[in-house]
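A structural walkthrough
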Amino acid sequence: MQNDSFLIQQLKDKDERALSLLYDKYAGAIYSVIIKMVRDEGKAQNLLQDTFMTVWDKAESYDANKGRFYTWVFRIARNKTLNFLRKVEPLIQTDDFSVYDSKEDAISIDAKYLELNGAITSLEAHHKEAIELVYFKGLTHKEAHQQMDVPLGTFKSYVRQALKQLRQTYTKTLSLLLLILKAL
């Protein structure tokens, strides 16, 4: 951290070498977070570059008393990625209040998705929120438990219970469908 403190001070003084050294140290971990959320190398690389441009522009706003440098950069990257994911393309809302990228997607949506979506909406509110934070918003368990303001163990229990309930609901529906098909 001592080495980081010196580099961070140089970064605040607009030393490009300091930015380069901090980039070399943290870019791999930050890129890993971005690629998990975006799942597209080109877009992830652009978001990584945009993140470090913001680090350069906003370096003076970093306060070591409020948290580690990595955490600060991580939050910048996560926020940029979430903003990017929210506004990539205009979404279309259908009569059933589902949101799609295009009318064709809305029409060709398969039954398995609708079944899973129905199963998710049947979860208890805290289970549904836990699943949405981790699987749809890309948060880590640590981030999500803090956002829900529950202990980490409790949050992990919510996720396990929700996944168990989804498996049971999904299996029951498939079994019922198979019985109906056999009866025909």
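Scroll up for the structure.
Read on for an overview of the structure. Here the structure is a predicted model, which is why all the values come from computation and not from measurement. (Residues numbered from 1 in each chain as written. Predicted model: local features only at pLDDT ≥ 70, side-chain atom pairs only at ≥ 80, totals over all residues. Heavy atoms only, no water.)

1. Considerations on a positive patch on the surface
Together, Arg 68, Lys 142, Lys 156 and Arg 160 line one region of the surface with positive charge. Following the sequence through the fold, Lys 142 ends up in helix H8 (residues 141-148). Lys 142 gets classed as exposed once you look at its relative accessible area, which sits at 57%. (Patch = residues over 30% accessible without salt bridge, like charges linked within 9 Å, V, L, I, M, F, W, Y side chains within 5 Å. Areas by Shrake-Rupley, 256 points an atom, 1.4 Å probe, with all protein chains shown as cover. Salt bridge = Lys/Arg side-chain N within 4 Å of Asp/Glu carboxyl O. Lys, Arg positive; Asp, Glu negative; His and termini not counted. Charge placed at Lys NZ, Arg CZ, Asp CG, Glu CD. Helix = DSSP H or I, 4+ residues; strand = E, 2+ residues; numbered from the N terminus. Buried < 20%, exposed > 50% of the residue type's maximum accessible area, 1.4 Å probe, protein only.)

2. Some remarks on helix H7 (residues 125-136)
Since the α-helix packs 3.6 residues into each turn, any two residues three or four apart lie on the same face. Compared with an ideal rise of 1.5 Å per residue, which puts 12 residues at 16 Å, H7 spans 15 Å between its outermost C-alpha atoms and is within 8% of the ideal. Turning to H7, its buried residues number three or more, namely His 127, Ala 130, Ile 131, Leu 133 and Val 134. One side of H7 holds all its buried residues, which, seen down the axis, span an arc of 165°. When the buried face of H7 is taken as reference, the exposed residues oriented beyond 90 degrees from it are Ala 125 and Phe 136. The positive-phi residue at the C-terminal boundary of H7 is Gly 138, with phi of around 75°. (Expected span 1.5 Å × (residues − 1). Arc of directions from axis to C-beta.)

3. Considerations on the packing of aromatic side chains
Per the counting criterion, the structure on display carries 7 aromatic pairs. Where Tyr 26 meets Phe 69, the ring centres are 5.6 Å apart and the plane angle is 55°; that geometry is what we call tilted. You can see Tyr 26 sitting in helix H2 (residues 16-38) and its partner Phe 69 sitting in helix H4 (residues 69-87), a full 43 residues away along the chain. Put simply, the rings of Tyr 26, Tyr 62, Phe 69, Tyr 70, Trp 72 and Phe 74 touch in pairs and so form one group of aromatic residues. Directly above the ring of Trp 56 sits Lys 14, whose terminal nitrogen or CZ lies 4.9 Å from the centroid. (Phe/Tyr/Trp six-rings, centres within 6.5 Å; stacked < 30°, edge-to-face > 60°. Lys NZ or Arg CZ within 6 Å of the ring centre and 35° of its normal.)

4. What to know about the pattern of salt bridges
All chains considered together, the criterion is met by 3 salt bridges. Between Asp 50 and Lys 80 there is a salt bridge whose closest N-O contact spans 3.5 Å. Separated by 30 residues along the polypeptide, Asp 50 in helix H3 (residues 41-58) and Lys 80 in helix H4 bring together distant segments of the chain. In this structure Asp 50 comes out as partly exposed when scored by relative accessible area, which is 35%. With its nearest N and O atoms 3.2 Å apart, the salt bridge here joins Glu 143 to Arg 78. Of the two residues, Glu 143 sits in helix H8 while Arg 78 sits in helix H4, which places them 65 residues apart along the sequence. The class of Arg 78 is buried, set by a relative accessible area of 17%.

Any link to function would need more than the numbers given here.
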